[in-house]
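A closer look at the structure
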Amino acid sequence: MEDLSLHILDIAENAIRAQASLIEVEIEERLSEDLLVMIISDNGNGMGQEMLEQVHDPFFTTKEGKRTGLGLPLLAAAAHQAGGDLEVSSTPGQGTRVRATFSLSNIDIKPLGDLNATLQALIAGHPEVDFRFRSSGPDGETVFDTRENTHGEA
Amino acid sequence: MAKLKIEDLKAIREQASRARTLREGTGRARITVHMGTCGIAAGARKVMTALLEEVESRDIADVIVTTSGCAGLCSREPMATVELLDQPPVKYADLDGGKIKEILDTHVLGGEIVEAYALGVGSERTP
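The sections below set out a description of the structure shown in this document. Since the structure is predicted, the reported quantities are computational estimates derived from the model, not experimental observations.

Examining the overall build of chain B
- A count of helices and strands for chain B gives four helices and five strands.
- Put simply, chain B runs from its N terminus to its C terminus through helices and strands in the order α-β-α-α-β-β-β-α-β.
- A total of 127 residues make up chain B; the buried ones form 49% of that total.
- For chain B, the proportion of contacts with a sequence separation of at least 24, taken over those separated by at least 6, is 66%.

What follows is the structure, given as structure tokens:
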């Protein structure tokens, strides 16, 4: 993956396949901690402990006819190479939360990329799913929520 | 960090609500862009963006654009499946923004399969 926005698209597609009706994406720049925190959470099917232990294995997949499941391992690699980490937590029937961290000053941190294109692909491709996006950092906060009827706030 | 512009957000929302109305009617066609990890890494989002722009700018009201996972042939991504009403689905491979526009024109709107990009006809149906 070239940038983080493509990872977000990839993980969100997982959530859609897990039958989520709400997907929340949060990106937070914490300059004082030299940290970029990226959280993708959904209210989909979730995973049990057994599956959760296997999601970091690139040769684990839930799909028939496939031998690899690279989405989360690639995101983990991106986080690790930028001095960060990946945590996945999940509760069956309630949803899954993927939290990736990156060191902002790390030379190997991937660029954020085109978040608009990612949101557009998700929202336009899946009008049956609600999305909430929030980014915050030194420039302020942006919130976008498909459940609101009024236009988003800056 | 790239900043989201408020106008862009509005545009996305408008596009979304348009897609919502689309979904409620019965479209004449459905185009599924495969967005597994392999597809995304190979450029599926560019294909999706090009397709959405074209559908939007030409005001095509009865074509449903959606995404799904890996189509099972990762080396030929980006891929898309075109389903016309009452016709077997057609899978296209090795796509880019230009090719998907051509497919929209010739196949989806014109009814003629673009054989140069087609992988096969009558493969499995997307759910």
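Overview of the packing of helix 1 (residues 4-17) of chain A against helix 4 (residues 115-125) of chain A
All names here are of chain A.
- Helix 4 packs onto helix 1 with a crossing angle of 20 degrees between their chain directions and a minimal axis gap of 9 Å. What the angle tells us is that helix 1 and helix 4 run roughly parallel. Once helix 1 is placed against helix 4, the crossing between them reads as right-handed. Here Ser5, Leu6, Ile8, Leu9, Ala12, Glu13 and Ile16 of helix 1 come into contact with helix 4, specifically with Leu115, Thr118, Ala121 and Leu122.
- Each residue belonging to the contact of helix 1 with helix 4 can be placed in one class, and the counts come to eight nonpolar, two polar and one charged.

Quick notes on the nonpolar core
- Formed by 68 residues in total, the largest nonpolar core has its most connected members in Ile23, Ile27 and Phe102 of chain A.
- Top element by residues in this core is helix 1 of chain A. It accounts for eight residues.

Here's the deal with the packing of helix 4 of chain A against helix 3 (residues 44-57) of chain B
- Between helix 4 of chain A and helix 3 of chain B, the least distance of the axes is 10 Å, while the angle of their chain directions is 65 degrees. One way to sum up the angle between helix 4 of chain A and helix 3 of chain B is to call them roughly perpendicular. Remark: the crossing between helix 4 of chain A and helix 3 of chain B carries left-handed chirality. Residues Ala117, Thr118, Gln120, Ala121, Ala124 and Gly125 of chain A of helix 4 of chain A lie in contact with helix 3 of chain B, whose contacting residues are Arg45, Met48, Thr49 and Leu52 of chain B.

A word on the environment of Gly110 of chain B
- Here Gly110 of chain B is to be found in the loop between helix 4 (97-109) and strand 5 (118-121).
- Judged by relative accessible area, which is 54%, Gly110 of chain B ranks as exposed.

Re unusual backbone geometry
- Each neighbour pair has its own omega, and for Glu77 of chain B with Pro78 of chain B the value is -5 degrees, a cis peptide bond.
- For Gln19 of chain A, which is not glycine, the phi dihedral falls at a positive 65 degrees.
- Residue placement: Gln19 of chain A occurs in the loop between helix 1 and strand 1 (22-30).
- Residue Asp86 of chain B is not a glycine yet carries a positive backbone phi of 60 degrees.
- Structurally, Asp86 of chain B is set in the loop between strand 3 (80-84) and strand 4 (90-92).

Topic: the sheet that holds strand 5 (residues 130-137) of chain A
Residue and element names in this part refer to chain A.
- If you trace the six strands from one edge of the open sheet to the other, you get 3-4-2-1-5-6, paired in mixed fashion. Each edge of the sheet is formed by a strand with only one pairing partner; in this case those strands are strand 3 (86-91) and strand 6 (140-145). With strand direction ignored, the average angle separating the axes of adjacent strands in the sheet is 5 degrees.
- Across the face of the sheet, helix 3 (residues 71-81) comes into contact with strand 2 (35-42), strand 3 and strand 4 (95-103) while running at roughly 30 degrees to strand 4.
- Along the sheet, helix 4 makes contact with strand 1, strand 5 and strand 6, crossing strand 5 at roughly 165 degrees.

A short note on the side chain of Glu54 of chain B
- Its place among the elements puts Glu54 of chain B in helix 3.
- In this structure Glu54 of chain B touches Ile60, Lys101 and Leu104 of chain B, once residues within four positions along its chain are discounted.

Remarks on the pattern of salt bridges
- In the structure shown here, the tally under the stated rule is 14 salt bridges over all chains.
- Note that Arg30 of chain A is salt-bridged to Glu28 of chain A, the shortest N-O span being 3.3 Å.
- With a shortest N-O distance of 3.2 Å, Glu54 of chain B and Arg58 of chain B are connected by a salt bridge.
- On the basis of relative accessible area, Glu54 of chain B is assigned to the buried category, the value being 16%.
- For Arg58 of chain B, a relative accessible area of 36% corresponds to the partly exposed category.

Rules used in this analysis
- Residues numbered from 1 in each chain as written.
- Chains lettered and ligands numbered in written order.
- Predicted model: local features only at pLDDT ≥ 70, side-chain atom pairs only at ≥ 80, totals over all residues.
- Heavy atoms only, no water.
- Helix = DSSP H or I, 4+ residues; strand = E, 2+ residues; numbered from the N terminus.
- Buried < 20%, exposed > 50% of the residue type's maximum accessible area, 1.4 Å probe, protein only.
- Contact = heavy atoms within 4.5 Å.
- Axes fitted to C-alpha atoms, helices over the stretch in contact; angles between N-to-C directions.
- Parallel < 35°, antiparallel > 145°, perpendicular 65-115°, else oblique.
- Left-handed = near helix turned anticlockwise from the far one by under 90°.
- Nonpolar A, V, L, I, M, F, W, Y, C, P; charged D, E, K, R; others polar.
- Core = buried A, V, L, I, M, F, W, Y, C linked by side-chain atoms within 4.5 Å.
- Pairing = 2+ DSSP bridges.
- Salt bridge = Lys/Arg side-chain N within 4 Å of Asp/Glu carboxyl O.

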